Every structure is written in structure tokens, then in C-alpha cells.
Amino acid sequence: MSLWTASDAADATGGHCTSDWVAKGVSIDTRTLQQGDLFVALKDVRDGHEFVAQALENGAAAALVSRVPQGVSEDAPLLIVEDVMGALEDLGRAGRARMTGKVAAVTGSVGKTSTKEMLLAMLTEQGKTHASVASYNNHWGVPLTLARMPPDTEYAVIEIGMNHPGEIAPLSKLAQPHVALVTTVAAAHLEAFEDINGIAVEKASIFEGVLPNGVAVLNADVDTSSILQDKARHCRLREISFGENGVDYRLIRADLQGDTTVVRAQMGEVPILYKINSPGRHFAVNALGAIAVMAALRTDVALALGALGRWMPYKGRGQRERIHLDPVETRLSLDLIDDSYNANPTSMAAALEVLAAARVTNDIGRVSKGRRIAYLGDMKELGQDEVALHEGLAELPAIKNIDLIHCIGPLMKSLYKALPAPQRGEWFETAQDAVSRVKTHLDSGDVVLAKGSLSMKLALIVDAIRKMGHAPLDEE
């Protein structure tokens, strides 16, 4: 099935095609480019025009460029425009305009990617669904997602993020959602804002792009919920609130039971029960917001709850797995919670709560008692209070139920110093420094969490823990 013809893409962007072509997809990276894609030569760390020849050699149908690149013939399949980024936005705008289905948009300081994935899982069973890949939620990720959207899409889920003020509203206006969800407002990217209220104002700006008679779904538990409500009313949207204080969707109870979370809630006056295949109260709350979106889209909520029960967290965002330390004695294992993709004080508190509630296994390792162990890396972009916010983690109730905490990075040194001596593991400047110590830190029966901002590279520690594992002989 074709996604863009040369004439359609030229009409959308106002550009000029050097030949006739048909594209099956849209790509900005030669490493992931599929045969038949339209390659978009964006300029970032390097100029995408440098890779056009390679893209065409690898099977790209055409390239979106602002000039004929060096080493590329004049008759190569090109769409030539004045500005490549602007043309990508035009493609996204045209992709959205030709789609007649329903669109949901998701933003929030924490949980937007996992909530987007929940919605994708639920909507896929109700119609042809398109969604943002990974965390493609910025100034190029949103238009790229829309440009990739097949015309016959019935449901779309667009994730929208930000680092600075003024980013969300234009992206929401590009996506034109029928429903917009704000998962939460927390201290993330705080260095770009005066305070948490500024973050709330930016998150609320997602409502500016919602179509007339649309719906605003907002978290009633955050301190800044009134800012979200005021914006929704200013945009003349129907409000749906969720959370423990939610009027429309109210969380009654979330029970962490081993690897699952069982949730009781109220949907208006109707009681609902749902399960998530991962432990975490934050997953329970985000799922409730996603259920509200499903209802606002007028889908089958009962069918959605079944699909939600089969959803699993995205890699690096709370994914839990068992690491077998012996190929024969399969009971000799530990549990890994991979939450290494990102971190801020709110998501860190949620992850530590999950670890604190995790079940360890006693009497199977060198250490007779199974332990809850955390590797915590710096939380970035927190502004002038960054040291205090790291040190303050020591006061979280969940900390008391964690046996050992290893700290990574200069900011986490403040937490390390604030921890009681029995819980203080080791401090490392970098994740790479900690890798060689992982084997000596862990044992069978332990549950281990790895969490930090992406730039802290806690994924190195996750990989080191995985390399401790052996597939059981029957699997081999």
C-alpha cells in the first residue's frame, strides 16, 4: 500500500519532484530505513543531505531535500523544497487532514509513553490504529508520526512532549486531537521553568489543539489541577477527571500482587476492575486516564479492559524480567526492574514504591535473605533545587523497605550521604564505573531496580545484570 505519491507529497509541501515515485513509509534515519521509504534529510548533529546517496542505495523510494546533495544525480528521485523541517510539518499536516478517524493526544511530566502504549494496546483491538514510535514526541517526532499515518487509520495516538515553554501547543494544533490527556504534572525539565505552575501551564496548552466539542482528560490528584481545569474551560472542552480525587474516574484501590497490579475504580457510578501485568500504582493511575480516553472516543470499554490486562511496560520504563543465574537450577534467579530510560522525582518515587513492595526469595543465594537493591542515577534538568531534590529521596516512605541503594553520579552523592549507613551501598561517578561491581552486589533471590535519567546510562547496568543470566537448559 502506498503512503505518499510524488504528486501528493509535492502538493502537500509545495515542492518539486524530479521524477515520479511512490513511498510506502517515511524515514529520517538510514539505519532504520525500510525499502520504499521517503527519506527526509533533516539537519541535526549532522546534515541529513550527507546520507541521501546512502538512503537511495539502500532502497529509499525518494528523498526530501532542500538541494541536490553532493554525489546524487540530477535525475535521482527527489522532492526538493525550501525547508526540509517545514516540509515534514506540511506532510504531517496533510497526513492528519486526510485521516477521518479519531485522534487522541497524550502529554504529561511522567508516564506519557507508557500511557500511549496502553492506548495503542486497547485501540488496536477496536480498529486500525497508528501511534508514535518509542518517544517520538518532539518538534520532528510529532510531524513524522502524522506523516507516517496511513489514510485509512481509524484511531491514532500521538504523544507530545516538551523541554521548554511554547512547544506543546503548536504540536497539538498539528495533531488536532479529539481527546487530549495530561497524565500528571511534576518536577521534570524544571530548569526551563520558574516553578511547577509554569510546567502545568505548558502541559495544559495541549488543549489548544483539541477540535471543537472535544474532551480534556486531566489528573485530579496533582496540586496544579486547577490550572489544567481552567485551560480546558477556556478552550470550551468537556472535562473528564481521573485519579483518587477524580470526579468522573476515581481510583479506589491498587493492589500490587507480585508481578501484577489489580485495580478497583469507579467509572461514574459503575464499579470497574482491571489488571496490569506489571507492579506499580502509577501504572494503575495512568491506566485509569487511558480508560477515560477510551470512553471519550466511544469505544468498547469492556473490550479495552481485557486488552489492558495484556499490556506490558515498554523497555526501560518499568519492564520486569527474571534473570536465571544457573542453567540447571532455575530457582537460582533474581528479578530485574528496568526503569533506566528516564527519571524525575515523581517517577523515581513511583519506581521505589514498586521495589519496596516487591517479593524477594529467601534461602536460595549466598546471602540467606533476599534483598531489594536499587541502582539510582542522577535526575537531570531539575534547576536550582536539584541537590535538595536528590537528597529528599531519602525521606520517601518506600526507602525504609529497600535493603541497599547504590548511587551513580555527582547529584546522587547527596542521596548517598543522606542514607542510613546500613542501606548505603556504593557511590560511583558513572554507570560504567559500577558495571564491574554488579556481580559482587547481587545474588539469587534479590530484586533489583535500575533507574536514572537517560544520559546517566543506567542501561549499561541493566545489560550487565542481563549478562549474568543463563537460559534454562529446556529453553536452549
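Let me begin by describing the structure that accompanies this report. (Residues numbered from 1 in each chain as written. Predicted model: local features only at pLDDT ≥ 70, side-chain atom pairs only at ≥ 80, totals over all residues. Heavy atoms only, no water.)

## Describing the sheet that holds strand β2 (residues 16-17)
Whether parallel or antiparallel, the strands of a sheet pair through hydrogen bonds between backbone atoms.
Phase 1 of the analysis: Spatially, five strands are ordered β2-β7-β6-β5-β4 in an open sheet, and the strand pairing comes out mixed. Edge positions in the open sheet fall to β2 and β4 (25-27), since each of these has one partner strand only.
Phase 2 of the analysis: In terms of strand pairing, strand β5 (residues 37-40) meets strand β6 (residues 62-65) through three bridges, oriented parallel. Directly across from Phe39, in β6, lies its bridge partner Ala63. (Pairing = 2+ DSSP bridges. Helix = DSSP H or I, 4+ residues; strand = E, 2+ residues; numbered from the N terminus.)

## Details of the sheet that holds strand β18 (residues 333-339)
Phase 1 of the analysis: Overall, mixed pairing links the six strands, which are arranged β17-β18-β22-β19-β20-β21 in an open sheet. Both outer strands of the open sheet, β17 (319-324) and β21 (424-428), are each paired with one neighbouring strand and no more. Neighbour-to-neighbour, the strand axes of the sheet open up by a mean angle of 15 degrees, direction not taken into account.
Phase 2 of the analysis: The sheet contact formed by strand β20 (residues 404-408) and β21 spans three bridges and is parallel. (Axes fitted to C-alpha atoms, helices over the stretch in contact; angles between N-to-C directions.)

## Some words on the packing of aromatic side chains
Phase 1 of the analysis: Taken as a whole and assessed by the stated rule, the structure comprises two aromatic pairs.
Phase 2 of the analysis: With 5.1 Å between their ring centres and 70 degrees between their planes, Tyr136 and Trp140 make a pair best called edge-to-face.
Phase 3 of the analysis: Ring plane angle 75 degrees and centroid distance 5.5 Å describe the contact between Phe283 and Trp311, whose orientation is recorded as edge-to-face. Of this pair, Phe283 sits in helix α9 (residues 281-296) while Trp311 is found in the loop between α10 (301-308) and β17, placing the two residues 28 residues apart along the sequence. (Phe/Tyr/Trp six-rings, centres within 6.5 Å; stacked < 30°, edge-to-face > 60°.)

## Details of the packing of α9 against α10
Phase 1 of the analysis: Running from amino to carboxyl end, α9 crosses α10 at an angle of 145 degrees, the nearest separation of the two axes being 10 Å. Once α9 is placed against α10, the crossing between them reads as right-handed. Contact with α9, carried on its side by Ala287, Ile291, Met294 and Ala295, involves Val301, Ala304, Leu305 and Leu308 of α10 and no other residues of that element.
Phase 2 of the analysis: The class makeup of the residues in the contact of α9 with α10 is eight nonpolar, no polar and no charged. (Left-handed = near helix turned anticlockwise from the far one by under 90°. Contact = heavy atoms within 4.5 Å. Nonpolar A, V, L, I, M, F, W, Y, C, P; charged D, E, K, R; others polar.)

## A word on α9
Phase 1 of the analysis: Here α9 spans 23 Å end to end across 16 residues, near enough to the 22 Å set by a 1.5 Å rise per residue.
Phase 2 of the analysis: Burial of α9 is extensive: 13 of the 16 residues sit out of reach of the surface.
Phase 3 of the analysis: Downstream of α9 by a residue or two, Arg298 has a phi angle that is positive, lying close to 60 degrees. (Expected span 1.5 Å × (residues − 1). Buried < 20%, exposed > 50% of the residue type's maximum accessible area, 1.4 Å probe, protein only.)

## As for the environment of Asp37
Phase 1 of the analysis: Here Asp37 shows up in strand β5.
Phase 2 of the analysis: Classification of Asp37 by relative accessible area gives buried; the value is 8%.
Phase 3 of the analysis: Sequence-wise, Asp37 and Ala62 are 25 residues apart; in three dimensions their C-alpha atoms are separated by 7.2 Å.
Phase 4 of the analysis: Setting aside residues no more than four positions away along its own chain, Asp37 makes contact with Ala23, Lys24, Gly25, Val26, Ser27, Gly59, Ala60, Ala61 and Ala62.
Phase 5 of the analysis: At 2.9 Å, the side chain of Asp37 and the backbone nitrogen of Gln34 are in polar contact. (Polar contact = N/O pair within 3.5 Å; in protein donor to acceptor, adjacent residues only side chain to side chain.)

## Digging into the nonpolar core
Phase 1 of the analysis: Core analysis: the biggest nonpolar cluster contains 40 residues, and Met122, Val217 and Tyr274 have the highest contact counts within it.
Phase 2 of the analysis: When residues of this core are assigned to their parent elements, the largest contribution, 11 residues, is made by α9.
Phase 3 of the analysis: Aside from chain neighbours lying at most four places away, what touches Tyr274 is Leu251, Thr261, Val262, Val263, Ala265, Ala284, Ala287, Leu288, Ile291, Leu305 and Leu308.
Phase 4 of the analysis: If you look at the next biggest cluster of nonpolar residues, it comprises 30 residues, including Leu146, Val182, Ile206 and Val210. (Core = buried A, V, L, I, M, F, W, Y, C linked by side-chain atoms within 4.5 Å.)

## A look at the packing of helix α4 (residues 112-124) against α9
Phase 1 of the analysis: Relative orientation of the contacting elements α4 and α9 amounts to 45 degrees, with a least axis distance of 9 Å. Judged by the inter-axis angle, α4 sits oblique to α9. As for the relative orientation of α4 and α9, their crossing is right-handed in sense. In contact with Ser114, Thr115, Met118, Leu119, Met122 and Leu123 of α4, α9 contributes Phe283, Asn286, Ala287, Ala290, Ile291, Val293 and Met294.
Phase 2 of the analysis: Among the residues making up the contact of α4 with α9, the classes are represented as 10 nonpolar, three polar and no charged. (Parallel < 35°, antiparallel > 145°, perpendicular 65-115°, else oblique.)

## Digging into the side chain of Thr153
Phase 1 of the analysis: Looking at where Thr153 falls in the secondary structure, it is placed in the loop between α5 (141-147) and β10 (155-159).
Phase 2 of the analysis: A polar contact of 2.7 Å, which involves the side chain of Thr153, links it to the backbone oxygen of Pro150.

## A word on the pattern of salt bridges
Phase 1 of the analysis: The tally for this structure, following the rule as stated, stands at 25 salt bridges.
Phase 2 of the analysis: With a shortest N-O distance of 3.3 Å, Asp47 and Arg67 are connected by a salt bridge. Of this pair, Asp47 sits in the loop between β5 and α2 (52-57) while Arg67 is found in the loop between β6 and β7 (78-80), placing the two residues 20 residues apart along the sequence.
Phase 3 of the analysis: Take Asp47: its relative accessible area is 15%, and that puts it in the buried class.
Phase 4 of the analysis: Overall, the relative accessible area of 40% leaves Arg67 in the partly exposed class.
Phase 5 of the analysis: One salt-bridge network, held together by shared partners, links Asp259, Arg320, Arg322 and Asp335. (Salt bridge = Lys/Arg side-chain N within 4 Å of Asp/Glu carboxyl O.)

## Regarding the pairing of β5
Phase 1 of the analysis: Here β5 shows a buried face lined by Asp37 and Phe39 and a second buried face lined by Leu38 and Val40.
Phase 2 of the analysis: As judged from the three bridges shared by β4 and β5, these two strands associate in the parallel manner. Each bridged residue has a counterpart across the sheet, and for Val26 the counterpart in β5 is Leu38.
Phase 3 of the analysis: In the classification by handedness, the crossover that spans β5, the intervening α2 and the parallel β6 is right-handed. (Right-handed = clockwise from strand over helix to strand, strands pointing away.)

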